[in-house]
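Tertiary structure, described
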Amino acid sequence: MGLTPHRITEFGPEREAAARTAFAGARPFPHLVIHDFLTAEGKAGADDFPAGDWPGWRRFFDEYQKEKRTCNDIEAMPRSLAALIHECSTPRFLGFLEAVTGIGGLLTDPYLDGGGLHCSGPGGVLAPHTDFHLYQRLKLYRAINLLIYLNPDWSEADGGRLELYGPGETAPAVSVTPVLGRAVIFRTDDASIHGFTQPVAPDRWRRSIALYYYTSRETGRFSGDTGTHWRSHGARLTGPRLALFEALIFCSRAFSKAAHAINPNKGA
């Protein structure tokens, strides 16, 4: 067994070609599930994952992402988890992602803005949404998400299954149980609706690493703006307030699409 925490070094030309075909043909949008992404070295990092009361967490209290905690400070993370993140930022790993996704010139974010360690406690959910596309801090465009799961002995009954939705769908087209060692790679744009609506079970903690990859050139089609766009809002946002909210979001996105249309730097 090698000392690298992931298995992409074991992907020969045949398996890489099969992964590329699977990614491109996946529905409801391009994605790839790698069930054996982590080596024994990588899986050992699950033992070091911080508990829910770790002081390094940034906590969320909104209805869209109940019981969520994140940490993007790589210096504060356990060494094994920081090493895994570094390994997923190497030129070799970027080359693997480019070969599988067909997206060239991928870049990493040293600040891990929005990414890093993610943890959702009992009752936690993540409402279906699409992610921000424009990364203002580095003037880049988000292209790919990588999610690595670190949950030993996880079953469907524990909730928190990653759900992928097609446009206008209320039921997920794909569900992925976040078991230890599994990874999901997917294209990030205005159509890649994802989340998990099944609450995390009592006494369980859903743990993952989230990494985002960018390009320096805008996409040819509109892929989103600077915000996260939630596709469901729960019971608290209803009636006239919901109508006003949706009208403002519609206007905001209309301006974003107009700006995209006149952007001379967008892809062919």
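Residues numbered from 1 in each chain as written. Predicted model: local features only at pLDDT ≥ 70, side-chain atom pairs only at ≥ 80, totals over all residues. Heavy atoms only, no water.

Here we take up the overall build of the protein. Within the protein, the secondary structure is distributed over 5 helices and 14 strands. For the protein, the C-alpha radius of gyration of 18 Å lies close to 18 Å, the compact-globule estimate for 268 residues. By its C-alpha atoms, the protein is 55 × 45 × 35 Å across when sized along the principal axes. Across the 268 residues that make up the protein, the buried fraction comes to 49%. For the protein, long-range pairs separated by at least 24 residues make up 83% of all intrachain contacts whose partners lie at least 6 apart in sequence. Carbon and sulfur atoms make up 54% of the accessible area of the protein, which amounts to about 12900 Å² in all. Between the mean site of the 29 positive side-chain charges and the mean site of the 29 negative ones, the protein shows a separation of 5 Å. (Helix = DSSP H or I, 4+ residues; strand = E, 2+ residues; numbered from the N terminus. Rg over C-alpha atoms; globule rule 2.2 N^0.38 Å. Buried < 20%, exposed > 50% of the residue type's maximum accessible area, 1.4 Å probe, protein only. Contact = heavy atoms within 4.5 Å. Areas by Shrake-Rupley, 256 points an atom, 1.4 Å probe, with all protein chains shown as cover. Lys, Arg positive; Asp, Glu negative; His and termini not counted. Charge placed at Lys NZ, Arg CZ, Asp CG, Glu CD.)

Right, let's get into the pattern of salt bridges. Tallying each qualifying case throughout the model produces 11 salt bridges. Between Glu-67 and Arg-69 there is a salt bridge, and its shortest N-O distance comes to 3.6 Å. Classification of Glu-67 by relative accessible area gives partly exposed; the value is 30%. The residue Asp-189 makes a salt bridge to Arg-187 at a minimum N-O spacing of 2.7 Å. (Salt bridge = Lys/Arg side-chain N within 4 Å of Asp/Glu carboxyl O.)

With that settled, the discussion passes to helix α5 (residues 239-261). Look at α5: 33 Å from first C-alpha to last across 23 residues, which is about the 33 Å you get at 1.5 Å a residue. Those residues of α5 that fall on the buried side of the exposure criterion are Arg-253, Ser-256 and His-260. Summarising the contacts, the buried residues of α5 are in contact with β14 (229-230). (Expected span 1.5 Å × (residues − 1).)

We now examine helix α4 (residues 91-101). Those residues of α4 that sit buried are Phe-93, Leu-94, Phe-96, Leu-97, Val-100 and Thr-101. Down the axis of α4, the buried set is contained in an arc of 155 degrees. They therefore lie on one face. Relative to its buried face, α4 has exposed residues pointing more than 90 degrees away, namely Pro-91 and Arg-92. Positioned one or two residues after α4, Gly-102 has a phi angle of 75 degrees, which is positive. (Arc of directions from axis to C-beta.)

Our next topic: the sheet that holds strand β9 (residues 162-165). Think of a sheet as strands paired side by side through backbone hydrogen bonds, with each pair either parallel or antiparallel. Taken together, the 5 strands give an open sheet; going across it, the order is β10-β9-β12-β6-β14, and neighbouring strands pair in antiparallel fashion. The strands lining the two open edges of the sheet, one partner per strand, are β10 (174-176) and β14. Note that β9 and β10 share 3 bridges and pair antiparallel. Note on β10: the bridge partner recorded for Glu-163 is Ser-175. (Pairing = 2+ DSSP bridges.)

Under the criterion given, the structure shown has 10 aromatic pairs. Measuring from centroid to centroid gives 6.1 Å for Phe-37 and Phe-93, while their planes differ by 90 degrees, and the two rings are edge-to-face. A residue pair is termed long-range when its members are at least 10 positions apart, and Phe-37 in the loop between β1 (31-34) and α2 (40-43) and Phe-93 in helix α4 qualify at 56 residues. Taking relative accessible area as the criterion, Phe-37 reaches 1% and is therefore assigned buried. Here the aromatic rings of Phe-132 and Tyr-135 are separated by 6.2 Å at their centres, their planes lie at 45 degrees, and the arrangement is tilted. (Phe/Tyr/Trp six-rings, centres within 6.5 Å; stacked < 30°, edge-to-face > 60°.)

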